[in-house]
Amino acid sequence: MPQINIDIAGMTALLEANAKVFTHTMDTEEVGHVISVGDGIAHVDGLPNVMAEEMVLFPNGIYGVTMNLERDQVGVMILGDSTRIQEGDLVKRTGNVLRSPVGDALLGRVVTPLGKPIDGRGPLQTSETRMVETDAPGISDRLSVSTPLQTGLKAIDAMTAIGRGQRELIVGDRQTGKTTLAMDTLINQAGSNVKCVYVAIGQKMSTIVSVVNTLREAGAMQNTIVVAATASDAAPLQYIAPFAGCCMAEFFRDRGEDALIIYDDLYKHAVAYREISLLLRRPPGREAFPGDIFYLHSRLLERAARLAPHCGGGSLTALPVVETKEGDYSAYIPTNLVSITDGQIYLEPSLFHQGFRPAINVGLSVSRVGGKAQLPAMRKVALKLRMELAQYREVASFAQLTTDLDKATLKQLHRGERLAEILKQPPHAPLSADKQVCIMWAAINGWLDDIAIVDIARFENEWFRLLNGAFPGIGRTILETGNLSVSTEAEIKTSLTAFKTIFAPSATALLFDPRRVVPPMDQHETRLMTTAVQTATPLTGT
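A quick note: this is a predicted structure, and the numbers were derived from the prediction, not measured.

Another point: the overall build of the protein. Looking only at helices and strands, one finds 16 helices and 16 strands in the protein. Since a compact globule built from 542 residues should have a radius of gyration of about 24 Å, the 31 Å found for the protein marks it as more spread out than a globular shape. When the backbone C-alpha atoms are referred to their principal axes, the protein occupies close to 135 × 50 × 45 Å. Burial status across the protein gives 51% buried among its 542 residues. In the protein, the proportion of contacts linking residues at least 24 apart, taken out of those at least 6 apart, comes to 75%. Across the protein, the 52 positively charged side chains and the 59 negatively charged ones have centroids separated by 6 Å.

Following this line, the structure appears as structure tokens:
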């Protein structure tokens, strides 16, 4: 046989060289297995080092969030179709908490609580994300509320003013105008520097479509994000919806801008959390709600604040909505939210059915910020308006018991009816602050005392038409200075004097739609009105 020569030294050197550059890597994953699954909740065996509220990955790319950390298993809230998950499926840790996309690219879009667009306008052009659950700003990072957030509604801006950074609860029975009030507030921010987020929790898809269409028609959708968790979505998606919307709004707040978020509504949010908690076998409390339901809403609403300059100086205003049953404001969830927020706006069914829109009970509604969040001009007229309305309510209740009333009482009733009438307002037609100040000034100073009730709305609309055409300086001065000076009051008197000389009497009131929107005057009408103003003789004793 031929002899085989083996270079032992060469092979040894080669092996030693390869051993020096050899690297060994080992990928390790902490995994578990699904024990049971159903109704959006999975119980998982394993995952001994998983964190609270950590995201885990199921097969088919479905994510979940850990909620219960027990000794022998983990309770997971599934953020997707739970029917695609089966017992025995592998579950992997991700090491990350739940995050949501944020940024200017979301403005004008309708997205799910997970940040996926559902408006058919393509993917989101943003790569920035934020944690859905974050801590609220501390005491040293906050400033007191002092800047008004105009809603465009006279009954709110005058009686229960809302400031930037405030939390004001909207509470009322179903079909009393809660969503309409919220939409009017969003519409009034169109063209302003306030970025808005509307969170629909458990709403019908048709309702959300109607809201989006209304905002687009009013030009308010371009600075609004709509987060939709519909009634057909699983409870976990409805649960995280307000937190996801809040982190989207906080992006603008932390950038030094002003933001507004509306939660519609938090009772459905509490119901979704109750469902999750019962499926996770947490002990129930009052009305079967879990014991931490108060903490759930307080940690959400405490994220609304006006930040100090060293934190950017931005603000986040929250308007949570809660539905009551048969006017029961003392129910569990409404009373919790009343104690958390800085005030509440009560919508009363009886007022709604009487034709008062918005159906705000100004006696029960309150803002704990008060006049600090009002323009000085608004504060000046609102103080007297509030006092006269309070006196009117007392006299009106007394007048039901007797018909023998003196002249002073009859005068109070007469004026009070007109003060209540000017607080009425059609939906989706918010008023600027200067127009609100003008009509309230006219009412409290007796300029509407000789106007029939059926003519009040028409008087208001047509007078605003005059102000836009012949007296544009009145509104401009009020908005620029924020004050109602003596010279401005004199101009308002002049405009009222001129307008009342040409205002049609109540005999023709039925020919007009009392709630129509009057367009601005053209140049010819402006010249005629200016001539009337110059030749008018001021009234005395008003």
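Having put the structure on the table, let's press on.
Next up on the list: the pairing of strand 14 (residues 315-324). Burial analysis of strand 14 places 10 of its 10 residues in the buried class, the great majority of the element. With burial as the criterion, each face of strand 14 is covered, one bearing S315, T317, L319, V321 and E323 and the other bearing L316, A318, P320, V322 and T324. Of the strand pairs in this sheet, strand 10 (residues 169-173) and strand 14 are connected by 4 bridges, and their pairing is parallel. In the strand pairing of strand 14, G172 is matched with E323.

This part covers helix 13 (residues 456-470). Here helix 13 spans 21 Å end to end across 15 residues, near enough to the 21 Å set by a 1.5 Å rise per residue. Of all the residues in helix 13, the buried ones are I456, A457, R458, F459, E460, N461, E462, W463, F464, L466, L467 and G469.

A cis amide bond links D264 with the next residue in sequence, D265, at an omega value of -10°. Mapped onto the elements, D265 comes out in the loop between strand 13 (258-264) and helix 6 (266-279). In this chain, R357 is followed by P358 through a cis amide linkage whose omega measures -5°. Within the secondary structure, P358 sits in the loop between helix 9 (349-353) and strand 16 (366-367). Positive phi values are uncommon outside glycine, yet Q175 reaches one of about 60°. Mapped onto the elements, Q175 comes out in the loop between strand 10 and helix 3 (178-188). Since its relative accessible area comes to 58%, Q175 is described here as exposed.

Side chains of I6, I8 and M11 sit close together on the surface and give an oily, nonpolar patch of about 330 Å² of accessible area. Relative to the assigned elements, I8 resides in helix 1 (residues 8-21). I8 gets classed as exposed once you look at its relative accessible area, which sits at 55%.

Turning our eyes to something else, we now look at the pattern of salt bridges. Here the structure, examined in full by the defined rule, presents 29 salt bridges. Residue R303 is joined to E250 by a salt bridge in which the shortest nitrogen-to-oxygen separation is 2.8 Å. Highlighted residues: R303 in the loop between helix 7 (293-301) and strand 14 and E250 in helix 5 (residues 235-254), separated in sequence by 53 residues. Accessibility classification places R303 together with E250 in one group, the buried group. For E489, the salt bridge is made with K380, and the minimal N-O distance between the two is 2.7 Å. You can see E489 sitting in helix 15 (residues 486-500) and its partner K380 sitting in helix 10 (residues 376-399), a full 109 residues away along the chain.

Right, let's get into the pairing of strand 4 (residues 63-69). Along strand 4, 5 of the 7 residues are buried, which leaves the element largely enclosed by surrounding structure. Pairing geometry for strand 3 (residues 54-57) and strand 4, over 3 bridges, is antiparallel. If you follow V56 over to strand 4, its bridge partner there is G64. The antiparallel hairpin formed by strand 3 and strand 4 contains 5 residues in its connecting segment, where N60 sits at a positive phi of about 65°. In terms of strand pairing, strand 4 meets strand 5 (residues 74-79) through 6 bridges, oriented antiparallel. Residue N68 lies in a different strand from strand 5, and its bridge partner there is G75. The loop that links strand 4 with its antiparallel partner strand 5 comprises 4 residues.

This next bit is on the domain arrangement of the protein. Here the protein is partitioned into domain 1 (31-97), domain 2 (101-123 + 142-372) and domain 3 (378-501). Each side of the interface is counted separately: domain 2 has 22 residues, and domain 3 has 22 residues. The contact between domain 2 and domain 3 buries some 1800 Å² in all, and 60% of this surface belongs to carbon and sulfur atoms. For the interface between domain 2 and domain 3, the tally reads 1 salt bridge. Note that K154 is salt-bridged to E460, the shortest N-O span being 2.8 Å. Run the count over domain 2 and domain 3 and you get 11 residue pairs in polar contact (both at pLDDT 80 or more). Among the secondary structure elements, those contributing two or more residues to the side of domain 2 that touches domain 3 are helix 2 (154-157) and helix 3. For the side of domain 2 that touches domain 3, the leading source of residues is helix 3, giving 5 residues. Split into classes, the residues belonging to the side of domain 2 that touches domain 3 amount to 9 nonpolar, 9 polar and 4 charged.

Quick look at helix 12 (residues 433-444) now. End to end, helix 12 covers 17 Å across 12 residues, agreeing with the expected 16 Å (1.5 Å per residue, within 8%). The buried fraction of helix 12 is high, at 12 of 12 residues. Those residues of helix 12 that are buried lie in contact with helix 2, helix 10, helix 11 (407-422), helix 13, helix 14 (472-481) and helix 15. Looking at the residues trailing helix 12, positive phi occurs at G446, about 85°.

With that out of the way, let us pick up the packing of helix 10 against helix 11. Running from N to C, helix 10 and helix 11 point in directions that differ by 120°, and their axes come no closer than 9 Å. By the angle between their directions, the pair helix 10 and helix 11 is classed as oblique. The element helix 10 and its partner helix 11 pack so that their crossing is left-handed. For the pair helix 10 and helix 11, contact is made by L385, E388, L389, Q391, Y392, V395, A396 and A399 and by T409, Q412, L413, R415, G416, E417, L419 and A420, respectively. Residues that form the contact of helix 10 with helix 11 fall into these classes: 9 nonpolar, 4 polar and 3 charged.

This paragraph deals with the side chain of H43. Examined against the element boundaries, H43 turns out to sit in strand 2 (residues 41-46). Beyond its immediate stretch of four places on either side in the chain, H43 contacts H33, V34, I35, S36, Q73, V74, G75, L279 and R281.

About the criteria used
Residues numbered from 1 in each chain as written. Predicted model: local features only at pLDDT ≥ 70, side-chain atom pairs only at ≥ 80, totals over all residues. Heavy atoms only, no water. Helix = DSSP H or I, 4+ residues; strand = E, 2+ residues; numbered from the N terminus. Rg over C-alpha atoms; globule rule 2.2 N^0.38 Å. Buried < 20%, exposed > 50% of the residue type's maximum accessible area, 1.4 Å probe, protein only. Contact = heavy atoms within 4.5 Å. Lys, Arg positive; Asp, Glu negative; His and termini not counted. Charge placed at Lys NZ, Arg CZ, Asp CG, Glu CD. Pairing = 2+ DSSP bridges. Expected span 1.5 Å × (residues − 1). Patch = residues over 30% accessible without salt bridge, like charges linked within 9 Å, V, L, I, M, F, W, Y side chains within 5 Å. Areas by Shrake-Rupley, 256 points an atom, 1.4 Å probe, with all protein chains shown as cover. Salt bridge = Lys/Arg side-chain N within 4 Å of Asp/Glu carboxyl O. Domains from an automatic or database assignment. Buried area = accessible area lost by both parts, 1.4 Å probe. Polar contact = N/O pair within 3.5 Å; in protein donor to acceptor, adjacent residues only side chain to side chain. Nonpolar A, V, L, I, M, F, W, Y, C, P; charged D, E, K, R; others polar. Axes fitted to C-alpha atoms, helices over the stretch in contact; angles between N-to-C directions. Parallel < 35°, antiparallel > 145°, perpendicular 65-115°, else oblique. Left-handed = near helix turned anticlockwise from the far one by under 90°.

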